[in-house]
Amino acid sequence: MSYTIGIIGSGHIGHGLATHLAKTTYPVLITNSRGPASLADLVASIGGSLTAADFNQTIAQSDVLFIAVPWAQIPDVAREVQKYSGKIIVDASNNIVSVSPFRLADTAGKPTGEYVAGLFPAQRVVKAFNTLPAATLAQPSPTSIGHSVIIMSGDDADAKKEIADITRAMGFEPIDIGTFRQGGPLQDIGGALSGIELIRVKR
Ligand SMILES: NC(=O)c1ccc[n+]([C@@H]2O[C@H](COP(=O)([O-])OP(=O)(O)OC[C@H]3O[C@@H](n4cnc5c(N)ncnc54)[C@H](OP(=O)(O)O)[C@@H]3O)[C@@H](O)[C@H]2O)c1
């Protein structure tokens with residue numbers, strides 16, 4: 001399938017996502033809060049199919065949007081995205097609102113993917129790319145041993161299949177761990193798969 005892919009956020013995770021997405025055949029737009037001029041060096045250093053764009057243009061033109069902004073900024077992004085429908089949202093967030101002291105945002109007892117999906121009711125949301133530290137995500141994949149695993153969960157099976165295909169095109173091995181309710185608690189901060197790097201060894 002052909003997609004235009006958008007990345008909202010050009011920090012630690014956005015940069016790592018851009019590095020791998022830019023190697024695919026998909027056109028990739030990246031945006032942040034400071035505008036495209038601030039992204040010139042990043043785009044020049046990554047190259048490939050990556051282009052800087054402004055926030056509204058990235059949302060309007062993308063079929064698939066990777067959300068790589070801090071937890072507190074997700075509602076701002078959702079407000080703009082709600083002008084559209086049917087986009088696939090890849091939620092790479094964790095609900096960390098303070099590092100020292102360490103504090104997680106209240107999600108009303110929901111896994112973060114389910115909580116974020118509630119902010120994007122007209123879109124199809126997949127939770128993915130949130131379990132690896134940014135420095136690990138930025139590393140080349142595949143390695144000599146095999147492909148790094150990207151854990152995903154969500155309630156839309158077709159959207160997960162599409163994101164699995166994009167994840168493979170990025171050089172990773174996707175593993176679907178079920179719905180938000182099934183997989184989310186494993187994938188969220190404190191879950192058994194959070195912060196764990198898995199490799200699918202070459203067969
Ligand atoms: N860091 C990690 O190891 C890690 C691992 C897994 C998941 N995550 C999750 O990934 C998300 C991003 O984390 P990060 O470490 O990459 O954060 P970061 O380095 O602080 O980068 C955040 C990015 O979001 C952009 N941004 C903030 N508000 C925005 C808005 N309203 N519109 C557009 N762009 C906006 C910022 O723009 P400017 O550049 O213009 O300031 C920046 O590029 C978080 O939810 C985090 O929990 C992080």
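Refer to the preceding data block for the structure.
This section reports on the structure supplied with the text.

### Looking at the pairing of strand 1 (residues 5-8)
At step 1: Going residue by residue along strand 1, you find Ile-5 and Ile-7 tucked away on one face and Gly-6 and Ile-8 tucked away on the opposite face as well.
At step 2: Pairing between strand 1 and strand 2 (residues 28-31): four bridges, direction parallel. Within strand 2, the position partnered with Ile-7 by the bridge is Ile-30.
At step 3: In this fold, the crossover linking strand 1 to strand 2 by way of helix 1 (residues 12-21) has right-handed handedness.
At step 4: Alignment of strand 1 against strand 4 (residues 64-67), held across four bridges, turns out to be parallel. Across the sheet, Ile-7 pairs through a bridge with Phe-66, a residue of strand 4.

### Let's talk about the site of the ligand
At step 1: Around the ligand, a shell composed of 26 residues is seen, among which Gly-9, Gly-11, Asn-32, Ser-93 and Ala-134 lie nearest.
At step 2: Those elements that place two or more of their residues in the shell around the ligand are helix 1 and helix 4 (74-81).
At step 3: If you tally residues by element for the shell around the ligand, the top one is helix 1, at three residues.
At step 4: In terms of residue class, the shell around the ligand is built from twelve nonpolar, twelve polar and two charged.

### A closer look at unusual backbone geometry
At step 1: Cis geometry marks the peptide bond from Ser-100 to Pro-101, where omega comes out at 5 degrees.
At step 2: Mapped onto the fold, Pro-101 is located in the loop between strand 6 (96-98) and strand 7 (103-104).
At step 3: Of the consecutive residues Ser-141 and Pro-142, the connecting peptide bond is found in the cis state with omega at 10 degrees.
At step 4: Position of Pro-142 relative to the elements: it lies in the loop between helix 6 (134-137) and strand 9 (146-153).
At step 5: Unusually for a residue other than glycine, Phe-129 sits at a positive phi of about 65 degrees.
At step 6: One can find Phe-129 in the loop between strand 8 (124-128) and helix 6.

Rules of the game
Residues numbered from 1 in each chain as written. Predicted model: local features only at pLDDT ≥ 70, side-chain atom pairs only at ≥ 80, totals over all residues. Buried ≥ 20, exposed ≤ 12 C-beta atoms within 10 Å, placed from the backbone. Helix = DSSP H or I, 4+ residues; strand = E, 2+ residues; numbered from the N terminus. Pairing = 2+ DSSP bridges. Right-handed = clockwise from strand over helix to strand, strands pointing away. Near = placed C-beta within 6 Å. Nonpolar A, V, L, I, M, F, W, Y, C, P; charged D, E, K, R; others polar.

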